[in-house]
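Residue-level structure breakdown
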Amino acid sequence: FSRRRERAARGLGAGGAMEFRLEAHRIVSISLGKIYSARGQRGGLKLHKNLLVSLVLRSARRVYLGEPGGECALPPRPGPPPPPDCERLRRGCRPLASEAAARGRPECPAESPRKRSAAERDPAAGYPGKKPRRETEQPPPQEDMETGNVASLISIFGSGFSGLLGKERGAAEATEPGQVCCEQPVLRSLNPWSTAIVAF
Amino acid sequence: MEEDIDTRKINNSFLRDHSYATEADIISTVEFNHTGELLATGDKGGRVVIFQREQESKNQPHRRGEYNVYSTFQSHEPEFDYLKSLEIEEKINKIRWLPQQNAAYFLLSTNDKTVKLWKVSERDKRPEGYNLKDEDGRLRDPSMITMLRVPVLRPMDLMVEATPRRVFANAHTYHINSISVNSDYETYMSADDLRINLWNFEITNQSFNIVDIKPANMEELTEVITAAEFHPHHCNTFVYSSSKGTIRLCDMRASALCDRHSKFFEEPEDPSNRSFFSEIISSISDVKFSHSGRYIMTRDYLTVKVWDLNMENRPIETYQVHDYLRSKLCSLYENDCIFDKFECVWNGSDSVIMTGSYNNFFRMFDRNTKRDVTLEASRENSKPRAILKPRKVCVGGKRRKDEISVDSLDFSKKILHTAWHPSENIIAVAATNNLYIFQDKVN
């Protein structure tokens with residue numbers, strides 16, 4: 001196990017911010033590889049695993065692109081106490097105001113994004129467009145698992161990734177040659193995938 | 001019918017990759033029946049093997065009720081859904097026993113899509129002396145029959161036969177992860193990633209949907225159901241766990257559709273432990289009611305937690321299974337180990353809980369004394385009737401003689417499935433394709 005990589009994943013270590021981004025990029029590559037290889041898996045797409053992978057992908061992408069709210073995926077850094085209104089972060093680190101992003105400081109780092117209010121705890125409330133169900137309905141046997149939406153999960157990140165490939169070259173120039181772990185060859189080897197991403 | 005046979009052959013040769021021939025032996029579920037007399041295992045190849053405990057005999061006191069193979073049968077076959085171009089694995093995800101009501105034994109076994117009710121019964125007598133057919137079953141020439149006789153039952157070698165009595169199919173779009181028999185012994189539930197269905201044992205062409213968390217737009221999906229279980233005594237109550245680390249308790253008397261929970265168990269996240277993988281490691285892989293029905297136990301990637309049904313805001317006990325892995329999460333994500341689904345079990349008196357780990361280690365936690373022990377299930381370290389030696393993982397600093405360092409752990413040897421006898425200190429531990437049965441030593 002690479003200690004340096006592990007510490008970077010936890011937000012520690014020297015050159016913290018750059019290590020974050022390199023690590024985030026690496027996690028993005030690994031996650032894309034997992035989603036891609038899941039398509040050929042015996043037994044069909046595993047919804048649970050792919051959901052978890054997509055959540056990791058989302059967090060890592062936010063950190064890599066330096067998006068505000070991306071820091072929610074990481075342990076809080078010591079700093080001034082959080083402002084009273086942390087409502088925005090409750091729903092899983094939605095992007096903050098650009099001003100806060102420019103400051104480079106996470107807002108409400110101690111606020112757990114997973115903690116929900118009583119209203120949110122009602123699962124039915126989370127699905128505004130939920131169809132009414134008949135009580136004795138047996139799910140139709142021909143129902144589609146809709147796992148084709150894995151491709152559309154990727155399309156969500158798509159706009160970020162053509163940018164990702166551009167940024168990566170910039171990052172490679174900025175750092176020492178030995179340090180780069182965001183391998184262009186890795187992305188290229190996921191051949192059909194990178195083509196699809198660029199097309200998005 | 002020939003056509004069916006051909007299809008099966010095509011299915012098998014098309015789907016079975018010979019390089020994973022031994023993968024079929026990997027045990028995927030272990031379960032004692034309600035008396036502990038029988039122990040069932042299911043494997044990736046769709047087979048069920050049932051072990052029966054020997055009657056204790058005065059002649060051989062050291063063979064204290066050992067388990068021997070009682071019955072083996074093929075429960076599920078690989079299937080191919082041509083319409084959706086989907087392969088359906090034959091792997092047995094769960095086995096659950098029904099309480100015994102007559103001489104036969106009944107169990108439910110399920111793969112990703114289909115639940116089956118199997119009857120396991122003994123036959124030790126055979127009718128002999130038919131009028132119209134001879135001993136081989138061939139019809140006799142009527143002109144040769146000169147007398148009338150009544151067939152009599154004669155003893156024969158014991159034969160154990162398993163027959164599928166019910167097949168509950170076509171009710172799950174997603175992969176079934178749990179089945180649970182209700183305490184009314186008339187119904188059971190099956191849970192997949194997004195839905196839970198209630199079945200009556202007698203009715204196979206209908207099930208009642210009691211939980212549905214599928215969002216109208218799948219792109220809004222944020223959590224899935226990971227496990228579900230009925231309360232041991234209250235036939236109206238069940239719990240289900242989610243990939244977000246929460247548990248919902250539902251009461252079927254409140255409404256026909258239990259999308260609204262009666263209780264919601266969630267522990268606030270510790271912000272100092274947050275990482276890219278916080279969400280994955282908080283996903284609950286197993287949930288089990290205590291025998292008393294007062295507590296539930298949950299397993300996530302690094303811990304086992306005990307919850308009091310009367311307290312929803314945090315667990316009453318948290319046990320660290322292998323916290324030394326917390327700093328390795330990135331590598332465990334890379335090699336997919338972070339997705340391993342460990343199960344957890346109570347002992348008969350709810351005083352000890354047990355769960356598995358890597359390197360063929362499994363852990364026991366005594367809830368009263370707060371002591372814990374790590375044991376290993378391996379051939380080299382356990383000869384028959386030898387006492388298991390506690391193991392220790394060295395997390396840093398100087399490694400002592402018998403300790404094993406974290407980096408030497410074998411992550412391909414994982415113990416996901418264990419079972420505890422309902423009343424005695426006998427445990428069954430599945431280590432890949434080997435089953436270990438350990439008993440308390442009696443002097």
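Everything quoted here is computed from the prediction, not taken from an experiment.

Membership of the largest hydrophobic core comes to 61 residues, with the highest contact counts inside it found for B:Ile196, B:Phe238, B:Phe277, B:Tyr301, B:Tyr333 and B:Ile338. Here this core takes 10 residues from helix α3 (residues 47–64) of chain A, the largest share from any one element. Not counting residues up to four positions away in its chain, the partners in contact with B:Tyr333 are A:Ile27, A:Ile30, A:Ser31, A:Lys34, A:Val53, A:Val56, B:Phe277, B:Ile280, B:Ile338 and B:Phe339.

Residue and element names in this part refer to chain B. Taken as a whole, this structure holds 20 aromatic pairs over all chains when the rule is applied. Ring centres of Phe-80 and Tyr-82 lie 5.0 Å apart, and the angle between their planes is 65°; on these two criteria the pair is classed as edge-to-face. Residues Phe-342 and Tyr-358 carry aromatic rings whose centres are separated by 5.3 Å and whose planes lie at 90° to one another, so their mutual orientation is edge-to-face. Of this pair, Phe-342 sits in the loop between α3 (329–334) and β23 (344–346) while Tyr-358 sits in the loop between β24 (352–356) and β25 (361–366); the two residues are 16 residues apart in sequence, bridging distant segments of the chain. When the ring centre of Tyr-130 is taken as origin, the NZ or CZ atom of Lys-133, which lies over that ring, is 4.6 Å away.

Now for the confidence of the model for chain A. Residue and element names in this part refer to chain A. Predicted confidence across chain A gives a mean pLDDT of 54, with 26% of residues reaching 70 or more. Taken together, the stretch residues 81–141 has pLDDT below 50 and engages in 98 contacts with residues farther than four places along the chain or on a different chain. The low-confidence segment residues 154–200 (pLDDT under 50) makes 62 contacts with residues lying over four places distant or belonging to another chain.

This brings us to the sheet that holds strand β8 (residues 105–110) of chain B. Residue and element names in this part refer to chain B. Reading across from one edge, β7-β8-β9-β10 is the order of the 4 strands in this open sheet, with antiparallel pairing throughout. The sheet is open, and its two borders are formed by β7 (94–97) and β10 (152–168), each paired with just one other strand. Taking the axes of each pair of neighbouring strands and ignoring which way they run, one obtains an average angle of 25° across the sheet. Summarising the sheet, strand β9 (residues 115–128) and β10 pair through 13 bridges and their orientation is antiparallel. Opposite Arg-126, over in β10, you have Arg-154 as the bridge partner.

The subject of this paragraph is the pattern of salt bridges. Counted by the stated rule, this structure contains 37 salt bridges over all chains. The residue B:Asp212 makes a salt bridge to B:Arg195 at a minimum N-O spacing of 3.2 Å. On the criterion of sequence distance, the pair formed by B:Asp212 in strand β14 (residues 208–212) and B:Arg195 in strand β13 (residues 195–200) is long-range, its members being 17 residues apart. On the accessibility criterion, B:Asp212 (9% relative accessible area) is buried. The class for B:Arg195 is buried, based on a relative accessible area of 8%. When the shortest N-O distance is used, the salt bridge between B:Lys305 and B:Asp300 registers 3.7 Å. We classify B:Lys305 as buried; its relative accessible area is 15%. Take B:Asp300: its relative accessible area is 7%, and that puts it in the buried class. Linked through salt bridges whose partners overlap, the residues forming this network are A:Arg42, A:Lys46, B:Glu87, B:Glu89 and B:Glu90.

Residue and element names in this part refer to chain B. Relative to the elements of secondary structure, Lys-288 occurs in strand β19 (residues 286–289). Within the local environment of Lys-288, its side chain forms a polar contact with the backbone oxygen of Cys-344, the two atoms lying 3.0 Å apart. Leaving out residues up to four positions away in the same chain, Lys-288 has contacts with Arg-96, Glu-229, Tyr-295, Ile-296, Met-297, Cys-344, Val-345 and Trp-346.

This part takes up unusual backbone geometry. Residues and elements named next belong to chain B. The phi angle at Ser-85 is positive, at roughly 55°, despite the residue not being glycine. Of note in the backbone geometry, Asn-360 takes a positive phi value of approximately 60° without being a glycine. Mapped onto the fold, Asn-360 is located in the loop between β24 and β25. Accessibility expressed as a relative area gives 9% for Asn-360, which makes it buried.

Let us now look at the side chain of B:Ser190. All names here are of chain B. Relative to the helices and strands, Ser-190 resides in strand β12 (residues 187–191). Engagement of the side chain of Ser-190 in a polar contact is seen with the side chain of Trp-199, the distance being 2.8 Å. What Ser-190 contacts, discounting residues up to four positions off in sequence, is Val-115, His-172, Ser-178, Ile-179, Arg-195, Ile-196, Asn-197 and Trp-199.

Definitions and limits used
Residues numbered from 1 in each chain as written. Chains lettered and ligands numbered in written order. Predicted model: local features only at pLDDT ≥ 70, side-chain atom pairs only at ≥ 80, totals over all residues. Heavy atoms only, no water. Core = buried A, V, L, I, M, F, W, Y, C linked by side-chain atoms within 4.5 Å. Buried < 20%, exposed > 50% of the residue type's maximum accessible area, 1.4 Å probe, protein only. Helix = DSSP H or I, 4+ residues; strand = E, 2+ residues; numbered from the N terminus. Contact = heavy atoms within 4.5 Å. Phe/Tyr/Trp six-rings, centres within 6.5 Å; stacked < 30°, edge-to-face > 60°. Lys NZ or Arg CZ within 6 Å of the ring centre and 35° of its normal. pLDDT = per-residue confidence, 0-100. Pairing = 2+ DSSP bridges. Axes fitted to C-alpha atoms, helices over the stretch in contact; angles between N-to-C directions. Salt bridge = Lys/Arg side-chain N within 4 Å of Asp/Glu carboxyl O. Polar contact = N/O pair within 3.5 Å; in protein donor to acceptor, adjacent residues only side chain to side chain.

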